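This is what each chain is made of:
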Amino acid sequence: MMSDFHRERARKAVSLMRRIGVDALLLFPGADIGYFTGFSIGPSERLSAALIPVDGDPVLVVNELERELRGQRPWIDRVEVWREHEDPVRLLADSISRRGLAESAIGLAEDAPWGWVNRLQGLLPAARFVDVSRRLSAVRMVKTPRELDWMRRACDIADRALQHAFDQMHPGMTERELAAAITTEMRHLGGGQTFCTVLFGERAALPHGGASDRRLRPGDSVLVDAGTTVHGYWSDITRTVFYGEPTPRQQELYEVVYEANRAAFEAVRPGATCESVDAAGRRVIADAGLGDYFIHRLGHGVGLQIHERPYIVKGNRLGLESGMTFTIEPGVYIVGEIGIRVEDTVVCTDGGCERLTKHRRTSTFYPAQG
């Protein structure tokens, strides 16, 4: 049962809180509350929270509109409800006090709403609020077999949607039209939430650019960054293909980025540090004289959030563990000319690394029509 999954995750988190002297965990809407309680709810102006003491009974605090918990079945039985005319922060403070936690250390995630926390501090001046984001991430970073199965399914959907849309490319097609084709196919295949960015030619040098009305022309590179969810777990993939046979320059740049992806993949193993994987991919691009054009970290964690820990970046000495999922996404961005990125969602395994996204990665071109 899913409630058992969330309860077990919460037990791991509580065990970590106990070790560091934190007396309770206070979760607000976002990925953590769903993960650790089974009650998934996004940010809102109406306060919702889960209070999980290290010792004692947990409670959900919600607005009357959420009394039925959206039909979900979290493992926490006790629910305290506030009405529209009431002050939910004061109610939450009272709930904390009744559990003998008014002078305790209370753990928060880094995305806890500052306004609510600031008011709680005023109502509970002897309480100490502690950022426990890294401890919570330590639980979420290592995926269970069930979570990995959901991510594999999400990656398969993204793989298939990209191929479906690439096969439809034609002269005059806009970036927005190709993005819509990919998004529609991901949903048709059973994906939940989706995202998709499509950039043609010189526009692909904008790493966070959005799809536009730029039309596809023979000779263009086509960069697609897309993903979807299955049971809330994300896939993330970027492929750069060519519409028409690539020029020697395009082919050369692509091969450098592709080799960087391969080198980083080979560097993944339990115990390897995040920064060593970043360095392995970055070295290939630097050795090709293109280091100044690789302007972001090599990758980021993927799971309930599209960007989460672990971050594969210089300075992060965290050792990888089997079950950690993240991206490998080296890129080269030459403003006014081209952008190329090759991104996979991967999982660290006992034997090294497994790609969850399996769409073809070697240089690919689609015959230009007209």
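Residues numbered from 1 in each chain as written. Predicted model: local features only at pLDDT ≥ 70, side-chain atom pairs only at ≥ 80, totals over all residues. Heavy atoms only, no water.

A.B. asks: Can you help me understand the pairing of strand β3 (residues 59-63) in this one?
C.D. replies: Side-chain positions along a regular strand alternate between the two faces of the sheet. With respect to burial, β3 is a largely interior element, five of its five residues being buried. Neither face of β3 is open: one carries Val 59, Val 61 and Asn 63, the other Leu 60 and Val 62, and all of them are buried. Here strand β2 (residues 49-53) runs beside β3; their pairing, made up of three bridges, is antiparallel. When the sheet's bridge partners are listed, Ala 49 is paired in β3 with Val 61. Connecting β2 to the antiparallel partner β3 that follows it, the hairpin turn spans five residues, and Gly 56 within it adopts a positive phi of roughly 125°. Judged from the four bridges that link them, β3 and strand β4 (residues 79-82) form a sheet pairing that is parallel. (Buried < 20%, exposed > 50% of the residue type's maximum accessible area, 1.4 Å probe, protein only. Helix = DSSP H or I, 4+ residues; strand = E, 2+ residues; numbered from the N terminus. Pairing = 2+ DSSP bridges.)

A.B. asks: In this structure, what is going on with the nonpolar core? I would like to understand it.
C.D. replies: Nonpolar side chains tend toward joint burial in soluble globular proteins. Leu 136, Met 169, Leu 178, Ile 182, Val 222 and Val 224 are the most contacted members of the largest nonpolar core, which totals 63 residues. Considering each element in turn, this core owes the most residues, 11 residues, to helix α6 (residues 145-166). With 32 residues, the next largest nonpolar core counts Met 141, Phe 242, Val 257 and Ile 340 among its residues. (Core = buried A, V, L, I, M, F, W, Y, C linked by side-chain atoms within 4.5 Å.)

A.B. asks: Just to check I follow, could you spell out the pattern of salt bridges for this structure?
C.D. replies: Oppositely charged side chains may form a pair once their charged atoms are brought near each other. For the structure on display, the rule yields 32 salt bridges. Ionic pairing is found between Arg 83 and Glu 64, a salt bridge with its closest N-O pair at 3.9 Å. Taken together, the residues span a long stretch of sequence, with Arg 83 in the loop between β4 and α3 (88-98) and Glu 64 in the loop between β3 and β4 at a distance of 19 residues. Put simply, Arg 140 and Glu 308 hold a salt bridge, and the shortest N to O gap is 2.7 Å. Taken together, the residues span a long stretch of sequence, with Arg 140 in helix α5 (residues 133-141) and Glu 308 in strand β12 (residues 308-312) at a distance of 168 residues. (Salt bridge = Lys/Arg side-chain N within 4 Å of Asp/Glu carboxyl O.)

A.B. asks: Whenever I open this one, the state of the cysteines confuses me. Can you help?
C.D. replies: What makes a disulfide is a covalent bond joining the sulfur atoms belonging to two cysteines. Going through the model one piece at a time under the given rule, you end up with zero disulfides. Unpaired in terms of disulfides, Cys 155 finds its nearest cysteine sulfur in Cys 353, a separation of 12 Å. Residue classification places Cys 155 among the buried residues on the basis of a relative accessible area of 0%. (Disulfide = S-S within 2.5 Å.)

A.B. asks: What's the story with the packing of helix α8 (residues 248-267) against helix α9 (residues 274-287) in this structure? I'm lost.
C.D. replies: Axis angle and axis distance: for two packed helices, these are the angle between their axes and the distance between the axes, and together they describe the pair. Two numbers describe how α8 lies on α9: the axes approach to 8 Å, and their chain directions differ by 155°. Relative to α9, the element α8 is oriented roughly antiparallel. In this structure, the crossing between α8 and α9 has a hand that is right-handed. Side by side, α8 and α9 meet where Val 256, Glu 259, Ala 260, Ala 263, Ala 264 and Ala 267 of the first sit next to Val 277, Ala 280, Gly 281, Val 284 and Ile 285 of the second. Among the residues forming the contact of α8 with α9, the class breakdown is nine nonpolar, one polar and one charged. (Axes fitted to C-alpha atoms, helices over the stretch in contact; angles between N-to-C directions. Parallel < 35°, antiparallel > 145°, perpendicular 65-115°, else oblique. Left-handed = near helix turned anticlockwise from the far one by under 90°. Contact = heavy atoms within 4.5 Å. Nonpolar A, V, L, I, M, F, W, Y, C, P; charged D, E, K, R; others polar.)

A.B. asks: Can you help me understand the packing of aromatic side chains in this one?
C.D. replies: Two aromatic rings are characterised by how far apart their centres lie and by the angle between their planes. Applying the stated criterion across every chain yields a total of eight aromatic pairs. Ring centres of Trp 150 and Tyr 233 lie 5.5 Å apart, and the angle between their planes is 40°; this geometry places the pair in the tilted category. Taken together, the residues Trp 150 in helix α6 and Tyr 233 in strand β9 (residues 233-234) connect sequence positions 83 residues apart. For Tyr 233, a relative accessible area of 3% translates into the label buried. Seen in terms of ring centroids, Phe 242 and Tyr 254 are 6.1 Å apart; in terms of plane orientation they differ by 70°. Their pairing is edge-to-face. Here Phe 242, found in strand β10 (residues 237-243), pairs with Tyr 254, found in helix α8; they are 12 residues apart in sequence, far enough to count as distant. Aromatic rings pair up to connect Phe 5, Tyr 35 and Phe 36 into one cluster. (Phe/Tyr/Trp six-rings, centres within 6.5 Å; stacked < 30°, edge-to-face > 60°.)

A.B. asks: Honestly, α8 in this entry has me stumped. Any pointers?
C.D. replies: Residues lying three or four places apart along an α-helix face the same way, a consequence of the helix completing one turn every 3.6 residues. Along its 20 residues, α8 runs 29 Å from first to last C-alpha, staying within 8% of the 28 Å computed at 1.5 Å per residue. Buried within α8 we find Gln 250, Leu 253, Tyr 254, Val 256, Val 257, Tyr 258, Ala 260, Asn 261, Ala 264, Phe 265 and Ala 267. (Expected span 1.5 Å × (residues − 1).)

A.B. asks: Teacher, can you tell me more about the environment of Asp 236 here?
C.D. replies: Position of Asp 236 relative to the elements: it lies in the loop between β9 and β10. For Asp 236 and Asp 159, which are 77 residues apart along the polypeptide, the C-alpha to C-alpha distance reads 9.7 Å. Each residue touching Asp 236, except ones within four places of it in the same chain, is listed here: Phe 195, Asp 225, Ala 226, His 300, Ile 306, Thr 327, Glu 343, Asp 344, Thr 345 and Thr 357. Side-chain polar atoms of Asp 236 contact the side chain of His 300, separated by 3.2 Å. (Polar contact = N/O pair within 3.5 Å; in protein donor to acceptor, adjacent residues only side chain to side chain.)

A.B. asks: Explain the packing of α6 against helix α7 (residues 175-188) to me, please; I cannot follow it from the model alone.
C.D. replies: In contact at an axis separation of 8 Å, α6 and α7 are set at 140° when each is read in the N-to-C sense. With respect to each other, α6 and α7 are oriented oblique. α6 and α7 meet at a crossing whose hand is right-handed. Two secondary-structure elements touch here, α6 through Ile 157, Ala 158, Ala 161, Leu 162, His 164 and Ala 165 and α7 through Leu 178, Ala 181, Ile 182, Glu 185 and Met 186. Looking at the contact of α6 with α7 residue by residue, the class counts come to nine nonpolar, one polar and one charged.

A.B. asks: How should the sheet that holds strand β6 (residues 128-131) be read in this particular structure?
C.D. replies: Consider a sheet: its strands pair through backbone hydrogen bonds, and that pairing is either parallel or antiparallel. Taken together, six strands build an open sheet; the order of strands is β4-β3-β2-β1-β5-β6 and the sheet is mixed. Among the strands making up the open sheet, the edge pair consists of β4 and β6. Put simply, the sheet's adjacent strands are angled 25° from each other on average, direction ignored.

Function cannot be inferred from these measures alone, as they are strictly geometric.
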